[in-house]
Amino acid sequence: MIQKLTETERNAGLQELKDWQPSAGRDAIRRAFKFRNFSEAWGFMNRVALLAETQDHHPEWSNVYNRVEILLTTHDCDGLSERDLKLARAIDRLLA
């Protein structure tokens, strides 16, 4: 069973993931991305989709032209889990 992160684990994860922020009103983290154009944003979303499939953990997200917003939470535990932090780290590595 997937475990929800403790407050200490959540805080440590957010210190490591500096560009990710807690989501207001949800036990989740979010990050906004901005690209040069729609094609770059869409390409990024495709790469994230492939990561999500390999991890069997899928983001909530939106895309408007060159902007992508990703929200990560684990529905199986109704909150933030290590799965979210792992996917956030992998997403960050795509941009490194």
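Once a new chain begins, its residue numbering starts again from 1 and follows that chain's sequence as written. Since the coordinates come from a predicted model, pLDDT governs what is reported: local features require at least 70, and pairs of side-chain atoms require 80 or more to be given and counted, while whole-chain, interface and lining totals use all residues. Only hydrogens and water are set aside; all other atoms, that is, all heavy atoms of the structure, feed into the side-chain values.

## Examining helix α3 (residues 82-95)
Short version of the rule: Segments assigned H or I by DSSP are reported as helices when at least four residues long, segments assigned E as strands when at least two residues long, and all are numbered from the N terminus. For a helix, the expected span equals 1.5 Å multiplied by the number of residues minus one. Think of it in three bands: residues with accessible area under 20% of the maximum for their type are buried, residues over 50% are exposed, and the middle band is partly exposed, with areas taken using a 1.4 Å probe on protein chains only. Pairing of N or O atoms within 3.5 Å defines a polar contact, subject to two protein rules: one partner must be a possible hydrogen donor and the other a possible acceptor, and residues neighboring in sequence count only if both atoms are side-chain atoms.
Compared with an ideal rise of 1.5 Å per residue, which puts 14 residues at 20 Å, α3 spans 21 Å between its outermost C-alpha atoms and is within 8% of the ideal. For α3, the set of buried residues is D84, L85, L87, A88, A90 and I91. Where α3 begins, the side chain of S81 points an oxygen toward the backbone nitrogen of R83, at a separation of 3.1 Å.

## Here's the deal with the pattern of salt bridges
This is how it is decided: A carboxyl oxygen of Asp or Glu within 4 Å of a side-chain nitrogen of Lys or Arg is what we treat as a salt bridge.
According to the stated counting rule, one finds 10 salt bridges in the structure shown. Note that R10 and D27 form a salt bridge whose closest N and O atoms lie 2.8 Å from each other. Of this pair, R10 sits in helix α1 (residues 7-16) while D27 sits in the loop between β1 (21-22) and β2 (29-34); the two residues are 17 residues apart in sequence, bridging distant segments of the chain. Given a relative accessible area of 14%, R10 falls into the buried group. Classification of D27 as partly exposed rests on a relative accessible area of 22%.

## Here's the deal with the sheet that holds β2
Consider a sheet: its strands pair through backbone hydrogen bonds, and that pairing is either parallel or antiparallel. Rules: Note on pairing: DSSP must find at least two bridges between two strands before they are called paired. Contact criterion: two residues are considered in contact whenever any of their non-hydrogen atoms come within 4.5 Å of each other. Note on geometry: axes are lines fitted to C-alpha atoms, helical ones only across the stretch in contact, with angles between N-to-C directions running from 0 to 180 degrees.
A sheet is described by the order of its strands in space; here 4 strands give the open sequence β1-β2-β4-β3, paired in antiparallel fashion. Lying at the two open borders of the sheet, with one neighbouring strand each, are β1 and β3 (60-64). With 2 bridges connecting them, β1 and β2 associate as antiparallel partners. Among the inter-strand pairings, P22 is bridged to a residue of β2, identified as I29. Here helix α2 (residues 38-55) sits on the sheet and contacts β2, β3 and β4 (67-72); the angle it forms with β3, its principal contact strand, is near 165 degrees.

## Structural notes on the nonpolar core
Spelled out, the test is: The nonpolar core is taken to be a set of buried Ala, Val, Leu, Ile, Met, Phe, Trp, Tyr and Cys residues, with the residues joined through side-chain atoms within 4.5 Å.
W20, I29, F33, F44, V68, I70 and I91 are the most contacted members of the largest nonpolar core, which has 21 residues in total. Put simply, the parts of the chain that give this core at least two residues each are β2, α2, β4 and α3. Other than its neighbours up to four places away in sequence, F33 contacts W20, F44, N66, R67, V68, I70, I91 and L95.

## Focus: α1
To keep it simple, the criterion reads: Within this analysis, the arc is defined by the directions that extend from the helix axis to the C-beta atoms.
Burial in α1 covers these residues: R10, G13 and L14. Projected down its long axis, α1 shows its buried positions confined to an angular sector of 95 degrees, all on one face. Structural note: α1 exposes T8 and Q15 on the side pointing more than 90 degrees away from its buried face. At its buried positions, α1 is contacted by β1, β2 and α3.

## Overview of the environment of K34
Counting through the fold element by element, K34 comes out in strand β2. The exposed category is assigned to K34, whose relative accessible area is 66%. Expressed as a C-alpha distance, the spacing of K34 and L50, which sit 16 residues apart in the sequence, is 20 Å. With near-sequence residues (within four places) excluded, K34 lies in contact with N66 and R67.

Purely geometric stuff here, so don't read any function into it on its own.
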